[in-house]
Amino acid sequence: MNPNKDVKNKFLEILYNSPLERNINLILRYSPIVKKLKEISRKTKKPLSVLEIGSGSIGVTRFYNGDVVGIDIEPEKYRNPRLRFIKGSATNLPFADSSFDAAVSVDTLEHLTRKEQIKMVSEAYRVAKKHILFTYPVGFNKYQKRILATWKKSHLTKSLEEH
């Protein structure tokens, strides 16, 4: 055992699960999903069974206080105790039909081929009883392009334009 490595890993685990990790980028990505899950839970007056497709080891549980089953092809090192992680594929979910009140996914579709995207959405539809909530980057409409062009002239740096 390497004591320095153990200390480093413990530090990273604490940091990964701390409020410091909740940066604006993650908040913006997850907030629409979390808001909707809370709304659905209030309306149904019961905790939801939630599947997160492409969860990593923490996923939506950074911001959503309910229990979540997460599936991803590779687990990350750190885990949230409210996430039951399963290693698996978004295109072949190992769950029975209508197993979850909601299936959610944040920024996963863009990592798949078109064929895999269709399969992932079909699988989410199959395992969700009623609610499917996805967020993902989709590009710009004409209005957004015009705003971005204006900002590019005076505000955006090359590195921001690349992202």
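Residues numbered from 1 in each chain as written. Predicted model: local features only at pLDDT ≥ 70, side-chain atom pairs only at ≥ 80, totals over all residues. Heavy atoms only, no water.

## Some details on the confidence of the model for the protein
This is how the line gets drawn: A residue's pLDDT is the confidence the predictor assigns to it, expressed on a 0 to 100 scale. The criterion used for residue contact is that any of the two residues' heavy atoms lie within 4.5 Å.
The predicted model of the protein has a mean per-residue pLDDT of 81, with 74% of residues at 70 or higher. The low-confidence segment residues 152-163, where pLDDT is below 50, has four contacts with residues more than four positions distant or belonging to other chains.

## Some remarks on the packing of aromatic side chains
Formally: Any two rings among Phe, Tyr and Trp, with Trp reduced to its six-membered ring, count as a pair given centres within 6.5 Å; such a pair is stacked if its planes are under 30 degrees apart, edge-to-face if over 60, and tilted if neither. Helix and strand labels come from DSSP, where a helix needs a run of H or I of at least four residues and a strand needs a run of E of at least two; each type is numbered from the N terminus. The buried label applies to any residue whose accessible area, calculated with a 1.4 Å probe on protein chains only, is under 20% of its type's maximum; exposed applies above 50%, and partly exposed to all values in between.
Under the counting rule described, the total for this entry stands at two aromatic pairs. Note on Y30 and F63: the rings are 5.7 Å apart at their centroids and 35° apart in plane angle, and the pair reads as tilted. Highlighted residues: Y30 in helix α2 (residues 24-44) and F63 in the loop between β1 (50-53) and β2 (68-72), separated in sequence by 33 residues. Accessibility classification places Y30 together with F63 in one group, the buried group. Consider the rings of F95 and F100, whose centres lie 5.0 Å apart with planes at 90°: the pair is edge-to-face. Like F100, F95 is buried.

## Details of the pattern of salt bridges
So the rule is basically this: The salt bridge definition used is simple: a Lys or Arg side-chain nitrogen within 4 Å of an Asp or Glu carboxyl oxygen.
Tallied over the entire structure, the rule returns nine salt bridges. A salt bridge links D101 to K46, with the nearest nitrogen and oxygen atoms 3.0 Å apart. Placement of D101 in strand β4 (residues 100-106) and of K46 in the loop between α2 and β1 is noted, with a sequence separation of 55 residues between them. Salt bridges linked by common partners bring D97, K119, E123 and R126 together as one network.

## What to know about the nonpolar core
To be explicit about the condition: The criterion is simple. A nonpolar core is a set of buried Ala, Val, Leu, Ile, Met, Phe, Trp, Tyr and Cys residues joined through side-chain atoms within 4.5 Å.
Ranked by size, the top nonpolar core spans 18 residues in total, and within it Y30, I33, L37, V50, V60 and Y64 carry the most contacts. Sorting elements by how many residues they give to this core places α2 first, with six residues. Excluding anything up to four places from it in sequence, Y64 contacts V34, L37, L48, V50 and R82. Counting residues in hydrophobic clusters, the runner-up holds 15 residues, among them I71, I86, M120 and A128.

## Considering the environment of G88
Structurally, G88 can be placed in the loop between β3 (83-87) and β4. Take G88: its relative accessible area is 18%, and that puts it in the buried class. The spacing of G88 and G70 is 18 residues in sequence and 9.4 Å in space, taken between C-alpha atoms.

## Regarding the pairing of β2
To be explicit about the condition: One requirement defines pairing of two strands: DSSP has to find at least two bridges between them.
Of all five residues that make up β2, five are buried, and the element is covered over most of its length. Of the two faces of β2, the one holding V68, G70 and D72 and the one holding V69 and I71 are both buried throughout. Bridging between β2 and β3 involves five bridges; their strand directions are parallel. Residue pairing across strands places G70 opposite F85, the latter belonging to β3.

## A closer look at the side chain of Q117
For clarity, the threshold we go by: In protein, a polar contact requires one atom able to donate a hydrogen and another able to accept it; more generally it is a pair of N or O atoms within 3.5 Å, and residues adjacent in sequence count only if both atoms are side-chain atoms.
Mapped onto the elements of the fold, Q117 is located in helix α3 (residues 114-127). Polar contacts involving the side chain of Q117 include one to the main-chain carbonyl oxygen of L112, which spans 3.5 Å. Discounting residues that sit within four places of it in the chain, Q117 has contacts with L109, E110 and L112.

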